[in-house]
Amino acid sequence: MCLAVPGRIESLEERDGTTMSVVNFGGVRKEVCLEYIPGARVGEYVVVHVGFAIQRLDEESARSTLAEFEHLGVLDEEFGDGFERAARAAGIEPKETES
């Protein structure tokens, strides 16, 4: 499934003429392109779809949506380990990996 998920901008970086950021989605951090959101700032909330921020969002709406996604298990489905989920669904307990 590919959702548009709200997240908070944690950092900004110019890379090869493109504005990139790290966005926090309720504890999951991903690299995101901010080219469609000119003037985006650290601390703002954006809606992200397939690695691109596509609109700004107020904090209350973002937090409410993230809480509902967490409640429904959507964040794990969207950002979790797909191989681990598939193994569990097949009744196979995934092996622990060393850190």
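Residues numbered from 1 in each chain as written. Predicted model: local features only at pLDDT ≥ 70, side-chain atom pairs only at ≥ 80, totals over all residues. Heavy atoms only, no water.

A.B. asks: Please set out the overall build of the protein residue by residue, giving values where relevant.
C.D. replies: Scanning the protein from terminus to terminus reveals three helices and five strands. Going from N to C terminus, the protein has its helices and strands arranged as β-β-β-β-β-α-α-α. Within the protein, residue pairs in contact and separated by at least 24 positions form 39% of the contacts whose partners lie at least 6 positions apart. Carbon and sulfur atoms form 50% of the exposed surface of the protein, whose accessible area is close to 6,700 Å². (Helix = DSSP H or I, 4+ residues; strand = E, 2+ residues; numbered from the N terminus. Contact = heavy atoms within 4.5 Å. Areas by Shrake-Rupley, 256 points an atom, 1.4 Å probe, with all protein chains shown as cover.)

A.B. asks: Outline the packing of aromatic side chains, listing residues and values.
C.D. replies: This structure, assessed with the given rule, holds one aromatic pair. Pairing Y36 with F52 gives two aromatic rings, centres 5.6 Å apart and planes at 35°, and the pair type is tilted. Of this pair, Y36 sits in the loop between β3 (28–33) and β4 (45–49) while F52 is found in strand β5 (residues 52–57), placing the two residues 16 residues apart along the sequence. Among the residues examined, Y36 registers a relative accessible area of 55% and is labelled exposed. (Phe/Tyr/Trp six-rings, centres within 6.5 Å; stacked < 30°, edge-to-face > 60°. Buried < 20%, exposed > 50% of the residue type's maximum accessible area, 1.4 Å probe, protein only.)

A.B. asks: An account of the side chain of E44 is needed here, citing residue identities and associated values.
C.D. replies: Note that E44 resides in the loop between β3 and β4. At 2.8 Å, the side chain of E44 forms a polar contact with the backbone nitrogen of R41. (Polar contact = N/O pair within 3.5 Å; in protein donor to acceptor, adjacent residues only side chain to side chain.)

A.B. asks: So what's going on with helix α1 (residues 59–72)? Which residues, and what values?
C.D. replies: Helix length check: α1, at 14 residues, gives a terminal C-alpha distance of 20 Å against a target of 20 Å (1.5 Å per residue), a fit within 8%. Along α1, the positions that sit buried rather than exposed are A62, L66 and F69. Looking down the long axis of α1, one finds its buried residues gathered within 65° of arc, a one-sided arrangement. Exposed and facing more than 90 degrees away from the buried side of α1 are E60, H71 and L72. The distance from a side-chain oxygen at the start of α1 to the backbone nitrogen of E60 is 3.3 Å, and the residue carrying that oxygen is D58. (Expected span 1.5 Å × (residues − 1). Arc of directions from axis to C-beta.)

A.B. asks: Explain the pairing of β5 residue by residue, including any values.
C.D. replies: Taken together, the five bridges between β4 and β5 define a ladder with antiparallel strand orientation. When the sheet's bridge partners are listed, H49 is paired in β5 with F52. From the end of β4 to the start of β5, which pair antiparallel, there are two residues, and V50 there has a positive phi angle of about 45°. (Pairing = 2+ DSSP bridges.)

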